Amino acid sequence: MAAVGSAVGLGNIWGFPFRLGAGGGFAFLLVYLILVVFVGYVVMLGELTIGRKTGKSTVHAYVELSKKYKAIGFMGIVSGFCILAFYSVLGGYVMKYMFGFLMEMFRGDNFGGMSSGEYFDNFLGNVGQGTLWFVVFQAITILIVMGGVAGGIEKFCKIAMPALVVMLVIVIIRSVTLPGATEGLAFMFKPDFSKLATFSDFMGVLRSAAGQMFFSLSLGMGCMITYGSYLSKKESLQFNAMFIPIADTTIAILAGMAVMPAVFALGFEPGRGPGLLFVTLHGVFMSMGGFIGPFFGFFFYLLVTIAAVTSSISLLEVCASYVIDKRIIEGKEPNRRKYTIMIGAAIFVVGLPISLDGLGAGIMPALPESLGWVWLELYDFIAEGVLMPLGALFMSLIVGWVMKKSFGEEVRLEGNKFGTESFVMICAKYITPIAMTFILVTQVMDFFGM
Ligand code: TRP
């Protein structure tokens, strides 16, 4: 359940709907689901198993397998830095909306008469405020990890995750009953292969779906290695590796169903990019009217904040536990508080350009036009686009070609079943490495405009 808490977060609620919108709806959903089965499940099982087998957090786990794998672990730490940097900026935006709806509940002045787009742009342009919320979100993450109470998070997830599902269902009901909403459902579920017709279209969707999959399932950076190291030998790894992606994907699809119908009903552009969630749902809640709209809006963003925090602590925990475990191995005082604050502060510095950029509305210099990105997307590209596929590539090669039988032995400990062993081995040996190589090569070519 704690791993589900790590997986379910802004990736599902914010990332999935906006990439679904940009990737042509159905085409993206189809490619995403195929990737979850053939790559997500395998990498999830690989990471959990390596973690449990070695009983160590990411870098140390790789070193335990072989000294030469150390760099793979480090790549994960760098990804964690990049992701947490933009994650906390977005987490701050979510908190700003939570607060905005709370104020609206009492004021009821329709957000000062601003449309959802105007309200969002106005907030983004105000980088001081954006940075303030970024600090608040980052501080909450640091405090929880510092206290070392991350373990207590599991109980919390058991209540917050079902509550989030209930809230999503309420939003879906409102969203699909808006006039013109069925078009959004058709966009998601009606087969349409035109977005995959040419090779470059297909690769574009594949890359975006792959990045989204790593991000949403918390894979490719060693996070699930760290979680796996806490699993007891009695637990079924196979079951966990199926359960986490199923829960995560269900919530992502629910979020898509909450956002997409409203995008069409309210006349937004599905390919609008990273701001899609904020502007669309604002419109949905306001259409509920009176007190009830802001009330649901507040609760929704409160639950999304909780989901985001249970994810961000897993990111910081991975980075901090590397240093803390290293000190323990060296026989030094772990000094959890000190190192968590230091790393958290470093991530704040790394994230500052993103918050000052305000998704392009702020004061950072624009990135080269040929990239067509805001700063957040650059960080996202480094982690999701390059380092995480690379991490998954190496990990699956290790599982398929180095660990081989010993991998299955770990999964089968204490009489657990491993019915999918041949499937996993074929994916780990061939399918995942080939898919990842494809993604990485076209990614680099695209980056250099080849
Ligand atoms: N999966 C989380 C989400 O969807 C984000 C996250 C948490 C993550 N831990 C991670 C992403 C580790 C990549 C790696 O919001």
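Residues numbered from 1 in each chain as written. Predicted model: local features only at pLDDT ≥ 70, side-chain atom pairs only at ≥ 80, totals over all residues. Heavy atoms only, no water.

J.: Please explain a nonpolar patch on the surface as it appears in this structure.
T.: A cluster of nonpolar side chains, namely Ile-34, Val-37, Phe-38, Phe-199, Phe-202, Trp-401, Val-402, Ile-426, Tyr-430, Ile-431, Ile-434 and Phe-438, defines an oily patch on the protein surface of about 1,100 Å² accessible area. The element that contributes the greatest number of residues to the nonpolar patch is helix 18 (residues 421-447), accounting for five residues. Counting through the fold element by element, Val-37 comes out in helix 3 (residues 26-54). Judged by its relative accessible area of 44%, Val-37 falls in the partly exposed class. (Patch = residues over 30% accessible without salt bridge, like charges linked within 9 Å, V, L, I, M, F, W, Y side chains within 5 Å. Areas by Shrake-Rupley, 256 points an atom, 1.4 Å probe, with all protein chains shown as cover. Salt bridge = Lys/Arg side-chain N within 4 Å of Asp/Glu carboxyl O. Helix = DSSP H or I, 4+ residues; strand = E, 2+ residues; numbered from the N terminus. Buried < 20%, exposed > 50% of the residue type's maximum accessible area, 1.4 Å probe, protein only.)

J.: Would you mind showing me how to read the environment of Phe-214 here?
T.: As for its position among the elements, Phe-214 is in helix 10 (residues 199-216). Taking the C-alpha atoms as reference, Phe-214 lies 9.9 Å from Leu-35; in sequence the two are 179 residues apart. Non-local contacts of Phe-214, meaning those with residues more than four positions away in its chain, are made with Val-39, Leu-219, Gly-220, Met-388, Pro-389, Ala-392 and Met-436. (Contact = heavy atoms within 4.5 Å.)

J.: Would you mind showing me how to read the pattern of salt bridges here?
T.: Two side chains with opposite charge may pair up if their charged atoms get near one another. Tallying each qualifying case throughout the model produces eleven salt bridges. Residues Glu-317 and Arg-336 are paired through a salt bridge, measuring 2.7 Å at the closest nitrogen-oxygen approach. Remark: Arg-336 occurs in helix 15 (residues 336-357) and Glu-317 occurs in helix 14 (residues 292-329); sequence separation between them is 19 residues. Classification of Glu-317 by relative accessible area gives buried; the value is 9%. We classify Arg-336 as partly exposed; its relative accessible area is 25%.

J.: Is there a simple way to think about the site of the ligand in this case?
T.: Neighbouring the ligand are 17 residues; Ala-7, Gly-11, Tyr-87, Phe-215 and Ser-218 lie closest to it. Take Ser-6: an N or O atom from its main chain is 3.3 Å from a nitrogen atom of the ligand. Interatomic distance of 2.9 Å between a backbone N/O atom of Gly-11 and an oxygen atom of the ligand. Starting from 360 Å² of accessible surface for the ligand in isolation, the protein chains cover 100%. Sorting the residues of the shell around the ligand by element identifies helix 1 (2-7), helix 2 (10-22), helix 5 (70-107), helix 10 and helix 14 as the ones contributing at least two each. Residues belonging to the shell around the ligand are distributed by class as follows: nine nonpolar, eight polar and no charged. (Near = heavy atom within 4 Å. Polar contact = N/O pair within 3.5 Å; in protein donor to acceptor, adjacent residues only side chain to side chain. Nonpolar A, V, L, I, M, F, W, Y, C, P; charged D, E, K, R; others polar.)

J.: Would you mind going over helix 6 (residues 116-125) with me for this structure?
T.: Spacing of three or four residues puts side chains on the same side of an α-helix, whose turn is 3.6 residues. Residues of helix 6 that are buried include every one of Ser-116, Gly-117, Tyr-119, Phe-120, Phe-123 and Leu-124, and no others. The arc that holds the buried residues of helix 6, viewed along the axis, is 165°, so those residues lie on one side. Buried positions along helix 6 lie against helix 5, helix 7 (127-146) and helix 13 (276-288). (Arc of directions from axis to C-beta.)

J.: Would you mind showing me how to read the packing of helix 5 against helix 15 here?
T.: Two numbers describe a pair of packed helices, the interaxial angle and the distance between the axes. Running from N to C, helix 5 and helix 15 cross one another at 65°; their axes reach a closest spacing of 8 Å. For the crossing formed where helix 5 meets helix 15, the hand is right-handed. Of the residues in helix 15, those touching helix 5 at Phe-81, Leu-84, Ala-85, Phe-86 and Val-89 are Ile-343, Ala-346, Ile-347, Val-350, Gly-351, Ile-354 and Ser-355. (Axes fitted to C-alpha atoms, helices over the stretch in contact; angles between N-to-C directions. Left-handed = near helix turned anticlockwise from the far one by under 90°.)

J.: Looking at this structure, how should I read the side chain of His-60?
T.: Relative to the helices and strands, His-60 is located in helix 4 (residues 58-65). Ignoring sequence-local partners within four residues, the contact set of His-60 consists of Tyr-322, Asp-325, Lys-326 and Ile-329.

J.: Hey, could you run me through the nonpolar core in this one?
T.: Inside soluble globular proteins, nonpolar side chains tend to come together where they are buried. Membership of the largest hydrophobic core comes to 156 residues, with the highest contact counts inside it found for Trp-14, Phe-300 and Tyr-301. Here this core takes 18 residues from helix 14, the largest share from any one element. Apart from residues lying up to four places away in sequence, Phe-300 is in contact with Ile-13, Met-167, Leu-168, Val-171, Leu-281 and Phe-285. (Core = buried A, V, L, I, M, F, W, Y, C linked by side-chain atoms within 4.5 Å.)

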